[in-house]
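Spelled out from the first residue to the last, the chains are:
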Amino acid sequence: MIPYGRQQISDADIQAVVEVLKSDYLTQGPAVPAFENAVAAYCGAGHAVAVNSATSALHLACLALGVRAGDFVWTSPITFVASANCALYCGAEVDFVDIDPSTCNISVQALAEKLHRAEQSGRLPKVVIPVHLCGLPCDMAEIHRLSKRYGFRILEDASHAIGGKYRDQPIGNCRYSDISVFSFHPVKIITTGEGGMALTNDSLLAKRMTLLRSHGITREAAEMTHEADGPWYYQQIELGFNYRMTDLQAALGLSQLKRLDAFVARRHRLAGFYRQYLAGLPVVPQSQPDDCYSAFHLFVIRLQNSDCKMPHREVFCRLRDAGIGVNLHYIPVHLQPYYRQRGFKPGDFPQAERYYAEALTLPLYPDLSEAQQLHVIATLRASV
Ligand SMILES: *Cc1c(COP(=O)(O)O)cnc(C)c1O
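Residues numbered from 1 in each chain as written. Predicted model: local features only at pLDDT ≥ 70, side-chain atom pairs only at ≥ 80, totals over all residues. Heavy atoms only, no water.

Undergrad: Please clarify how the overall build of the protein chain should be interpreted in this entry.
TA: Within the protein chain, the secondary structure is distributed over 13 helices and 15 strands. With the principal axes as the frame, the protein chain shows a C-alpha extent of 75 × 60 × 35 Å. The buried share of the protein chain, reckoned over its 384 residues, is 55%. Nonlocal contacts in the protein chain, meaning residues at least 24 apart in sequence, comprise 73% of its contacts between residues at least 6 apart. Put simply, the protein chain shows about 16,500 Å² of open surface, and 52% of that area lies on carbon and sulfur atoms. With 36 positive and 37 negative side-chain charges, the protein chain shows a separation of 4 Å between the mean positions of the two kinds. (Helix = DSSP H or I, 4+ residues; strand = E, 2+ residues; numbered from the N terminus. Buried < 20%, exposed > 50% of the residue type's maximum accessible area, 1.4 Å probe, protein only. Contact = heavy atoms within 4.5 Å. Areas by Shrake-Rupley, 256 points an atom, 1.4 Å probe, with all protein chains shown as cover. Lys, Arg positive; Asp, Glu negative; His and termini not counted. Charge placed at Lys NZ, Arg CZ, Asp CG, Glu CD.)

Here is the structure:
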């Protein structure tokens, strides 16, 4: 089976992890801060906090931004459930903003209209979570402008987008947001096995996320409520978690980071190849605005169902039967049973639901060969 995505592990990656295994610290050693500093420098962000998943990073980010019961958090319905769940962890309410049918990212027009209505009903969001779907940056300048007008904070779910650029600047620099989050799950652009990171230019947000990453415990005298009992002393000053990244993971990430630009360049080459060979078929790839450089975590096409020989589901099954691990990113979050229980229903976000009836993720990862790609294209050509 050709998977839709997979990691690339080099001898240097393996060596980097082996070095940590032979060292004094498997966790909380020197590799984690080295990885944090390297990613912060790559992105041009002031601070980076490494954690054990992007889900944990989203949770800590919401907590640091003060999300709590009574607050509203908005995101796109076309995302992984973690983008919405993070707000529920904090006791807040989640709502969604429909997508733009061409970029498949959150629609800034729908966002502006919903904000206008929310202002009148006194239900403005505390935080909006734009998701850079497939690695394609959202229209951040416009979302940022709306945040100033309506007073919400911005948390970028950049789980797909490390290595991408918006207006020639790296995603993750937080130029238009408070916090950006990356995922290092093996299908993402670079991997640490499991892992995530939150980036910010705000030192207080970074400090708070660092504290909450490890039980809410501090060893810094300046943060303690009273004088230390002795040199062994630490204080728990908040209720935190164990969301730490290990040194084994960070060493792998640091080694992978060296190939990040090459990975993204390769993904662009393969995506270009798909776009060229899909021309003339009744399928539409995600549009690529001029001011965006996607990280191309995923290559999604939308079937023009009325022009296709077979229904969407049948096309999907034919590709799977031919050994091609197509996927569907994503089932609209508001249609998940858990969210339906919370009051969402079909019809709430028509563009997202239409997308769901048309979308197909084709395999895309650095080691995908052009021969494999031709097999994907030939099989698709016979089905649509
Ligand atoms: C993968 C992903 C996450 C969660 O990442 P983990 O590191 O697996 O927790 C969150 N949001 C989006 C959009 C993702 O694709």
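Undergrad: For this particular structure, what's the right way to read the packing of aromatic side chains?
TA: The geometry of two aromatic rings is summed up by the distance between their centres and the angle between their planes. According to the stated counting rule, one finds 13 aromatic pairs in the structure shown. Ring geometry for phenylalanine 96 and phenylalanine 344: centres 5.1 Å apart, planes at 70°, overall edge-to-face. Of this pair, phenylalanine 96 sits in strand E3 (residues 93–96) while phenylalanine 344 sits in the loop between helix H11 (337–341) and helix H12 (350–356); the two residues are 248 residues apart in sequence, bridging distant segments of the chain. Classification of phenylalanine 344 as buried rests on a relative accessible area of 13%. On the basis of an interplanar angle of 55° and a centroid distance of 4.7 Å, the ring pair of phenylalanine 273 and tyrosine 277 is categorised as tilted. Highlighted residues: phenylalanine 273 and tyrosine 277, both in helix H9 (residues 260–278), separated by four residues, approximately one helical turn. (Phe/Tyr/Trp six-rings, centres within 6.5 Å; stacked < 30°, edge-to-face > 60°.)

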